[in-house]
Structure formats: C-alpha cells, structure tokens
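Architecture at a glance
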Amino acid sequence: MSGHSKWHNIQKTKGAADAKRSQMFTKIAREMIVAVKQGGSGDPANNSRLATVIAKAKAANMPNDNIKRTIDRALGAGNSDNFESVVYEGYGPNGVAVIVEALTDNRQRTAPEVRHLLDKYGKGLGATGCVSWSFDRKGVIIIEREDLDEDTVMMDALDCGADDMQAEDEVFTIYTDPDAFGDVLSKLEEKGYSFLEAGVQMVPQNYVTLTDEGDIKNMEKLIDLLEENDDVQNVYHNWDQE
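These lines cover the structure that appears in this document, whether it is placed above or below. Every value quoted in this text rests on a predicted model; they were computed, and no experiment measured them. (Residues numbered from 1 in each chain as written. Predicted model: local features only at pLDDT ≥ 70, side-chain atom pairs only at ≥ 80, totals over all residues. Heavy atoms only, no water.)

1. Digging into the overall build of the protein
Stated precisely, the cut-off is as follows: Helix and strand labels come from DSSP, where a helix needs a run of H or I of at least four residues and a strand needs a run of E of at least two; each type is numbered from the N terminus. Atoms counted for the radius of gyration: C-alpha only. Globule rule: 2.2 Å times residue count to the power 0.38. Per-residue accessibility, obtained with a 1.4 Å probe over protein chains only, is compared with the maximum for each type, and a residue is labelled buried under 20%, exposed over 50%, and partly exposed between these values. It only takes one pair of heavy atoms within 4.5 Å for two residues to be counted as in contact.
Across its full length, the protein carries 9 helices and 8 strands. The C-alpha radius of gyration computed for the protein amounts to 18 Å, which stays within 12% of the reference 18 Å derived for 242 residues, consistent with globular compactness. Taking the principal axes of its C-alpha atoms as reference, the protein extends roughly 50 × 45 × 35 Å. The buried share of the protein, taken over its 242 residues, is 47%. Of the contacts formed within the protein by residues at least 6 apart in sequence, a portion of 71% connects residues at least 24 apart.

Structure representation (structure tokens):
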C-alpha cells in the first residue's frame, strides 16, 4: 500500500481544506440523505451505512447540529431529494486509473460532465470495471503524527480492530475492513485520538508515476475540476505524486 493516502495527495494544505469545508459538508449531507433513505432508518445503530457516513462527517468536523438537521430532513415526509449512486471509471494522463463516485439526481447532467473532463485532461471514460479491479475498498483513518509514538499508535490501532498502519512523515494512515471502519473509528476516538480524515475509500494496488510536466498539470486539473463538481462525491486514482 506504499504511496496511498500521503497527506499532501489528499489535502494539499489545511488552508485549502478549510476553504472547501462548506462544499465538503454539502456532499456529506447528500451522502447522509441517501444512507437514511436506502437504510430506512435515521438511527445509525440500525443503519450501518448511515453510521459510516456519520463517522466520516465527524472526522471532517461537521457540527452535530448539521448532522441532526440532515437526518431530520431525510426523514421528513415532504422530502423530495432523490439521488442515485453512479460510478464512472476512466483514465487520466499516461494511463492513470481514475474512479469517480457520484450521487446525482440527473445522470444526463453528470455523465457528460465527467466524460468531458476525462476526455479533455486524460485518456477518456472507460467501461464499468475497466480500472476498479486494481483497487481495494478499505476503511482509511488518518491521524496527524505530531508527537505521537508510532509503536503506541500501531498497538492501539490493532487493538481497536484495524488491519494495518502506515507511518509517514506527517501522519499515520490506518487501514480497516470496510465493515469494521465505524467500529474501529469509535474505539480510537474513545482512546483520545482525533482525525484529519476518515472514510471508506478505494485504495489502489499499484501506482503510476508521471514525469512529463504537461501530464502532471493535466492530472492536477482533472482532479481539481472533478472534485469541484457538486455531483461528485469522491475521486480516486493511482497517481503516485512523489
């Protein structure tokens, strides 16, 4: 798993993350609404998908009032939000694998927008399954390193049910089974840990290094524009930026 979730790959600066916070909360709220509707319950104890989204929301510092308001909205009798989950797969510059997860109320709007960006800055949209076979779905929890002891964090993570941990210069990245993600996160929280990011993600099995400056600029532009799209929830890729 070398190279995955390097902190600068996910959040270029904390300032940039703060600037995107409102958009992030909007996307998490949309995901929460879908989880409530599909799970048929606003109680995370009876809705595992909702529990996972709430854990993600808390890791992103989404206020509890926002979480409650979103769940109440989803449960409301007059709620007309009707989002469906769509996954697009394609290729960035030099064959970089790209997975785009979207929640949309209009496929006829979302698909052309995603296709246009992949065509313009990459190698285009591919068929379902063309790149997802080279990714694994895992829970990913990122903790700021600060003055934490690596061995202690590793032991705590494994005791809480994590599968593995990767130590980097600035962060510890903890990996879990997707189904165990919420439980591991809660147990780590009980031990006093706070999180820079947490969620169930697609983790690449291998990586592509870009050396051409034009390819690098196009890949950066592709990621930025996809993430700015309101319908796009997550963008995963196997570009190793180091």
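Read on for the rest.
2. A look at the sheet that holds strand β8 (residues 232–237)
Quick reminder of the rule: By this definition, two strands are paired if DSSP reports at least two bridges between them. Fitting a line to C-alpha atoms yields each axis, with helices limited to the stretch in contact; the angle taken between N-to-C directions then spans 0 to 180 degrees.
With respect to topology, 4 strands assemble into an open sheet ordered β3-β1-β2-β8, the strand pairing being antiparallel. The open sheet has two edge strands, β3 (124–125) and β8, and neither has a second partner. In this structure, strand β1 (residues 84–91) lies alongside β3, joined through 2 bridges in antiparallel fashion. Within the sheet, the bridge partner assigned to glycine 90 lies in β3 and is leucine 125. Sitting on the sheet, helix α6 (residues 107–121) is in contact with β1, β2 (97–104) and β3, with an inclination near 15° to β1. This element, helix α9 (residues 213–228), spans β2 and β8 of the sheet and lies at about 155° to β8.

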